[in-house]
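Architecture and fold: a report
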Amino acid sequence: MTIKLIAIGKTDNNHLQSLMDDYTKRLGFYIKFSIDIIPDIKKAKNLSEEQQKQKEGELILSKLMAIDILILLDENGKQHDSVAFSEYLQKHMNSGIKQLVFVIGGPYGFSQDVYNKANGKLSLSKMTFSHQMIRLFFIEQLYRGFTILKNEPYHHR
């Protein structure tokens, strides 16, 4: 199984990018992981929220293969602690799927088409974080999840 993270807009904070690169490298010891960044929509100021979500949704859906399992990182999704998230990852690995795709949407969330295609929704917190920080938090949680599955000392119970 491979895991892919799709996100809207580049990370312009070098400190966050450096940390993301570090955890991405660490993840490589456990699973094939990639990040696919969709550029910000040009002239988004001229679009309504709905139009922006629609355009972003089309770009998100264009990055998927028909057999991908799509999980949205959404404020209304199910929350897990780190151990439960590691079990969630294990369940997907055991299911025989080829690619598990997580998506961080744009500032207004997802289009209805993306919600319709999704196989599930996860929330990292009830709090609101910047889209750039969520990338780092999510990648770190993926890494933590795999260290839990391997009984490595990174996560303290």
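Structure: above.
Reference entry: report on the structure contained in this document. (Residues numbered from 1 in each chain as written. Predicted model: local features only at pLDDT ≥ 70, side-chain atom pairs only at ≥ 80, totals over all residues. Heavy atoms only, no water.)

**Thoughts on the packing of helix α3 (residues 82-94) against helix α5 (residues 131-149)**
Heads up, the condition is: Only C-alpha atoms enter the line fits that serve as axes; for helices the fit covers just the stretch in contact. Angles between N-to-C directions range over 0 to 180 degrees. Secondary structure is summarised from DSSP: a helix means a run of H or I of at least four residues, a strand means a run of E of at least two, and numbering begins at the N terminus for each. Oblique is the label for any angle not covered by the other classes, which are roughly parallel (under 35 degrees), roughly antiparallel (over 145) and roughly perpendicular (65 to 115). Should any heavy atoms of two residues lie within 4.5 Å, those residues are counted as being in contact. Each residue receives one of three labels: charged for Asp, Glu, Lys and Arg, nonpolar for Ala, Val, Leu, Ile, Met, Phe, Trp, Tyr, Cys and Pro, and polar for the others, Gly being one of them.
Relative to each other, α3 and α5 sit at 80 degrees, their axes nearing to 8 Å. One way to sum up the angle between α3 and α5 is to call them roughly perpendicular. Contact residues: S82, V83, F85, S86, L89, Q90 and M93 in α3; F138, Q141, L142, R144, G145, F146, I148 and L149 in α5. Counted by class, the contact of α3 with α5 contains 9 nonpolar, 5 polar and 1 charged residues.

**A closer look at the pattern of salt bridges**
Threshold: The rule for a salt bridge is simple: a side-chain nitrogen of Lys or Arg has to be within 4 Å of a carboxyl oxygen of Asp or Glu. Note on exposure labels: buried denotes an accessible area under 20% of the residue type's maximum, exposed denotes more than 50%, and partly exposed covers the range between, all computed with a 1.4 Å probe on protein chains only.
Scanning the entire structure with this criterion turns up 4 salt bridges. Measuring nitrogen to oxygen at the nearest pair gives 3.2 Å for the salt bridge that ties R26 to D22. One end of the pair, R26, and the other, D22, are both in helix α1 (residues 14-27), 4 residues apart, so they sit about a helical turn from each other. A relative accessible area of 32% means that D22 is categorised as partly exposed. The shortest N-O distance in the salt bridge between D36 and K63 comes to 3.6 Å.

**Concerning the sheet that holds strand β1 (residues 2-8)**
Threshold: For two strands to be treated as a pair, DSSP must find at least two bridges joining them.
In spatial order, the strands read β2-β1-β4-β3-β5; together these 5 strands make up an open sheet with parallel pairing. Bordering the open sheet on either side are β2 (32-38) and β5 (120-122), each of which pairs with just one other strand. Strand-to-strand twist in this sheet, taken as the mean axis angle between neighbours without regard to direction, amounts to 30 degrees. As judged from the 5 bridges shared by strand β3 (residues 69-78) and strand β4 (residues 99-104), these two strands associate in the parallel manner. Of the residues in β4, the one forming a bridge with L72 is V103. In the packing of α3 onto the sheet, contacts are made with β1, β3, β4 and β5, and the angle to β4 comes to roughly 135 degrees.

**Notes on the packing of aromatic side chains**
Note the following rule: Aromatic pairing here means that ring centres of Phe, Tyr or Trp (its six-membered ring) are within 6.5 Å. Orientation follows from the plane angle: under 30 degrees is stacked, over 60 is edge-to-face, and everything else is tilted. Placement of a charge over a ring requires the Lys NZ or Arg CZ to be within 6 Å of the ring centre, with the centre-to-atom vector within 35 degrees of the ring normal.
Per the stated rule, a full pass over the model turns up 9 aromatic pairs. Judged by centre distance (4.8 Å) and plane angle (80 degrees), the ring pair of Y143 and Y154 falls under edge-to-face. Taken together, the residues span a long stretch of sequence, with Y143 in helix α5 and Y154 in the segment after α5 at a distance of 11 residues. Here Y154 falls in the partly exposed class, since its relative accessible area comes to 24%. An aromatic cluster is present here, built from Y23, Y30, Y143, F146 and Y154 joined pairwise through their rings. For R26, the ring lying beneath its charged end belongs to Y143, and the centroid distance is 5.2 Å.

**A closer look at the side chain of D68**
Put simply, the rule is: Positive: Lys, Arg. Negative: Asp, Glu. His and the chain ends are not part of the count. Distance and chemistry together define a polar contact, namely a pair of N or O atoms within 3.5 Å, with one atom able to donate a hydrogen and the other to accept it when in protein, and with adjacent residues in sequence counting only for side-chain atoms on both sides.
Following the sequence through the fold, D68 ends up in the loop between α2 (49-62) and β3. The side chain of D68 sits in the buried core without any salt bridge; K4 is the nearest counter-charge, 5.1 Å away. Of note is the side chain of D68, whose polar atom sits 2.9 Å from the backbone nitrogen of M65. A polar atom in the side chain of D68 sits 3.2 Å from the side chain of Q99.

**Topic: unusual backbone geometry**
Positive phi outside glycine occurs at N151, with the angle close to 55 degrees. Following the sequence through the fold, N151 ends up in the segment after α5. Judged by its relative accessible area of 66%, N151 is exposed.

**As for the nonpolar core**
Inclusion rule: Here, the term nonpolar core denotes a set of buried Ala, Val, Leu, Ile, Met, Phe, Trp, Tyr and Cys residues that are joined through side-chain atoms within 4.5 Å.
Core analysis: the largest hydrophobic core is formed by 27 residues, its most contacted members being I3, L5, L27, L89, L100, F102 and L142. Sorting the residues of this core by element identifies β1, α1, β3, α3, β4 and α5 as the ones contributing at least two each. Tallying contributions element by element places α5 first for this core, with 7 residues. Other than its neighbours up to four places away in sequence, L89 contacts M1, I3, L100, F102, L142, G145 and F146. Among the nonpolar cores identified, the runner-up in size contains 11 residues, and I8, L64, V101 and V103 belong to it.

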